[in-house]
Amino acid sequence: MKQRLMAAILIAGAWFAHAAMGQTAGEVTPAPYQVAWQDLEFGVILHFSTNTFLDREWGDGTASPAVFNPAQFDPDQWMRAIRDGGAKYVVLVAKHHDGFCLWPTQQTDYSVRSSPWKDGKGDVVGEVAKAARKYGLRFGVYLSPWDRHEPKYKDAAAYDTYYNAELEELASNYGDLVEFWLDGAGSAGHVYNFPKIIETLRTYQPDTVVFADTGLFEYGDARWVGNEAGVVDYENWNVIDRHGYRRWRPVEADTPLRKQHWFWHPNDEGSLKSVEELLDTYDRTVGRGAQLMLGVAPDNRGLLPDSDAKRLVEFGAALRRRAEHNLALLHEPTDAETAAALDGDADTFWSAPAGSNHAALEMVFPKPIAFDHAVTMEWLNDGQHVEKYAIEAWDEKAMRWRAVASGQAIGHEKIDSFAAVTATRVRLNILSSTGAARIREFQLYKWNEKQ
């Protein structure tokens, strides 16, 4: 999935026209379905196809459908591990670049219909969608625009008709899709009819978030981070500017569970990432206001490898343990407005004074607390406003506030790590904002036990 040329779809709705030239970033607001998607925070993308049976990452479209025959196919097993890993949604690669389709499409014989699996009567997309929803996970699909098997690909118009017919099947037959994820790696110079793709998708799925890179600014609801390490290396702003137009384009950062491998490969246990590596990735994606999209690959049995499933469960347990001891909940009684940001409930929020560009949110404790991490969430429904902030602890000896962390963007969620500090008063000092800041959560934790 290197050297990608991302492809995606245009977002519809009146909010799109609202983002006109000359707006400040704080005036650009998300669509409701973008807000809901950002709250999911962590998803999984599933790679499972003929490559799985041939020890390949890149298929060339010549693999026989006969190789696809998982003897123990069990998407429930996948979804239990994914749910326990903390993910909230899954995206299935319904067709990769080799053109092999995991549903019984009527557009080509190059699909599960021609495989020996379930005598050609199986439907991977349908079974995975059903299992995902059974375990409380939202479901989405990836339909590769590049197709190395389909003869029509050489004829742009004919292939556009073919692709849109496939898209119509996926968009109309498998329920609500949380995300439509496209990776147009390669593409061999093909120019896609994006307006028609937009029309097809939105006819059936008006609330699907579409993933694209920044180069396809007009066609996506979310943007690629720019690497496959799952790392946001910069202050993360949800609003980006292309050609003088600003749009709400939150980041999704994709990285595989196994280093540099999206599909399963035999004898590859050494590539499995550790829990510590996954936590670091989480802090550098979700903890920097992005979505984490973790690549997970079933093996040639049709099961997640035992080690992968175990690692997902371990990762989820570690995430839950970190969230168990929010020290902010120990604060002294305060006014209802302030308490709304300290209650552990992301559906409530504190608002800075109307018209303000600087404000502080303070909590006081009955006895000193020791903490080394802060988690801050901004309420984004009316835009991203915080431009500069500091997390400060009251120094009793010096009788003044001392900054323990600082930054620019907060966005959906910001995790700040710092040397452990002990204090009875802590505040989020919003030093600059484009309008009245709104904070959903301000939480404190002690995660580094050795300090």
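Residues numbered from 1 in each chain as written. Predicted model: local features only at pLDDT ≥ 70, side-chain atom pairs only at ≥ 80, totals over all residues. Heavy atoms only, no water.

With respect to the overall build of the chain
To keep it simple, the criterion reads: Helix and strand labels come from DSSP, where a helix needs a run of H or I of at least four residues and a strand needs a run of E of at least two; each type is numbered from the N terminus. All radius of gyration figures rest on C-alpha atoms, and the globule criterion is 2.2 Å times the number of residues raised to 0.38. Exposure classes here rest on a 1.4 Å probe applied to the protein chains alone. A residue is buried below 20% of its type maximum, exposed above 50%, and partly exposed in between. Two residues form a contact once any of their heavy atoms are found within 4.5 Å. Neither His nor the chain ends contribute to the count of charged residues, in which Lys and Arg are positive and Asp and Glu negative. One atom stands in for each charge, and that atom is NZ of Lys, CZ of Arg, CG of Asp or CD of Glu.
Across its full length, the chain carries 10 helices and 16 strands. Its C-alpha radius of gyration of 23 Å places the chain within 12% of the 22 Å reference for a compact globule of 451 residues. Along the longest, intermediate and shortest principal axes, the C-alpha atoms of the chain span 75 × 50 × 35 Å. When each of the 451 residues of the chain is scored for burial, the buried share is 60%. Across the chain, the fraction of contacts at a sequence separation of at least 24, relative to all contacts at a separation of at least 6, is 77%. For the chain, the distance from the average site of its 47 positive side-chain charges to the average site of its 64 negative ones is 3 Å.

Here's the deal with the packing of helix H4 (residues 75-84) against helix H9 (residues 306-323)
Our working rule: Structural elements are reduced to axes, namely lines fitted to C-alpha atoms, with helices fitted over the stretch in contact, and the angle between N-to-C directions of any two is expressed from 0 to 180 degrees. Comment on the angle field: the value is read as roughly parallel under 35 degrees, roughly antiparallel over 145, roughly perpendicular from 65 to 115, and oblique elsewhere. Under the convention adopted here, Pro, Cys and the residues Ala, Val, Leu, Ile, Met, Phe, Trp and Tyr are nonpolar, Asp, Glu, Lys and Arg are charged, and Gly plus all remaining residues are polar.
Between H4 and H9, whose axes approach to 7 Å, the crossing angle comes to 25 degrees. Taken as axis vectors, H4 and H9 run roughly parallel relative to one another. Residues Gln-77, Ala-81, Ile-82 and Asp-84 of H4 touch H9, and the partners they reach there are Ala-309, Leu-312, Val-313, Gly-316, Ala-317 and Arg-320. Here the residues of the contact of H4 with H9 sort into six nonpolar, two polar and two charged.

Things to note about helix H8 (residues 275-283)
The set of residues buried in H8 consists of Val-275, Leu-278, Leu-279, Thr-281, Tyr-282 and Asp-283. Each element contacted by the buried residues of H8 is listed here: strand E9 (251-256), strand E10 (291-296), H9 and strand E15 (414-433).

Overview of the pairing of E9
Defined as follows: Between any two strands, at least two bridges found by DSSP are needed for them to pair. For a crossover, the right-handed case is the one in which the path from the first strand over the helix to the second runs clockwise, viewed with the strands pointing away from the viewer.
Within E9, six of the six residues are buried, which leaves the element mostly enclosed by the surrounding structure. Residue alternation in E9 divides its side chains into two sets, Val-251, Ala-253 and Thr-255 and Glu-252, Asp-254 and Pro-256, and both sets are buried. In this structure, strand E6 (residues 222-224) lies alongside E9, joined through two bridges in parallel fashion. Considered in E9, the bridge of Arg-223 is made with Val-251. Here E9 runs beside E10; their pairing, made up of five bridges, is parallel. Considered in E10, the bridge of Ala-253 is made with Leu-292. Note that the unit made of E9, H8 and E10 has a crossover that is right-handed.

Some remarks on helix H2 (residues 32-40)
Among all positions in H2, only Tyr-33, Gln-34, Val-35, Trp-37, Gln-38 and Leu-40 are buried. In the segment just after H2, Glu-41 is the residue with positive phi, at about 65 degrees.

Brief notes about the packing of aromatic side chains
Put simply, the rule reads: Stacked, tilted and edge-to-face are the three classes assigned to paired rings of Phe, Tyr and Trp, where Trp is represented by its six-membered ring and a pair needs centres within 6.5 Å; plane angles under 30 degrees give stacked, over 60 edge-to-face, the rest tilted. Criterion for a charge above a ring: Arg CZ or Lys NZ at most 6 Å from the ring centre, at most 35 degrees from the ring normal.
Under the criterion given, the structure shown has 22 aromatic pairs. Note on Tyr-159 and Tyr-163: the rings are 6.1 Å apart at their centroids and 45 degrees apart in plane angle, and the pair reads as tilted. Of this pair, Tyr-159 and Tyr-163 both sit in helix H6 (residues 156-173), four residues apart, which is roughly one turn of that helix. An identical accessibility class is assigned to Tyr-159 and Tyr-163; each is buried. Both rings, one in Trp-394 and one in Trp-401, keep their centres 5.3 Å apart while their planes meet at 70 degrees; by these two values the pair is edge-to-face. Under the relative-accessibility criterion, Trp-394 is labelled buried at 15%. Using a relative accessible area of 17% as the deciding quantity, one classes Trp-401 as buried. Members of the aromatic cluster, joined through ring pairs, are Phe-48, Phe-53, Phe-68, Phe-73, Trp-78, Phe-100, Tyr-110 and Trp-117. Taking the ring centre of Trp-447 as reference, the NZ or CZ of Arg-322 above it sits at 4.0 Å.

A look at the pattern of salt bridges
Side chains bearing opposite charge may pair, as long as their charged atoms lie close to each other. Short version of the rule: When a carboxyl oxygen of Asp or Glu lies within 4 Å of a side-chain nitrogen of Lys or Arg, that pair is called a salt bridge.
Tallied over the entire structure, the rule returns 27 salt bridges. The residue Glu-166 makes a salt bridge to Lys-95 at a minimum N-O spacing of 3.1 Å. With Glu-166 in helix H6 and Lys-95 in strand E2 (residues 89-95), this pair connects stretches of sequence that are 71 residues apart. The pair formed by Glu-166 and Lys-95 is uniform in burial state, with each residue classed as buried.

Notes on the side chain of Asp-76
Among the structural elements, Asp-76 can be located in helix H4. A residue is classified by how much of its surface remains accessible, and Asp-76, at 18% relative accessible area, is buried. For Asp-76, the residues in contact, after removing those within four places along its chain, are Ala-131, Lys-134 and Tyr-135.

Quick notes on the layout of surface pockets
Convention followed: Think of a 1 Å grid over the protein atoms and nothing else: a 1.4 Å probe that fits but is trapped marks a cavity, an open set flanked by protein within 12 Å on at least five of seven lines marks a pocket, and residues with an atom within 4 Å of a point count as lining. Grid points are joined across faces, edges and corners, and a volume is the space filled by probe spheres set on the points.
Of the voids in this model, the largest pocket is the one considered here, and its volume is about 680 Å³. Lining the largest pocket are 25 residues, with Glu-41, Tyr-282, Leu-319, Ala-323 and Glu-413 positioned closest to its centre. Elements supplying a minimum of two residues to the lining of the largest pocket: H2, H9, strand E12 (359-378) and strand E16 (438-445). Looking at which element gives the most residues to the lining of the largest pocket, the answer is H9, with five residues. Tallied by class, residues from the lining of the largest pocket come to 11 nonpolar, six polar and eight charged. If you add up the space inside the second largest pocket, you get close to 360 Å³. Considering the residues around the second largest pocket, the lining is formed by 14 residues, among which Arg-322, Lys-446, Trp-447, Asn-448 and Glu-449 are closest to the centre. For the lining of the second largest pocket, the secondary structure elements donating two or more residues are H8 and H9. No other element matches the three residues that H8 contributes to the lining of the second largest pocket. Among the residues forming the lining of the second largest pocket, the class breakdown is four nonpolar, three polar and seven charged.

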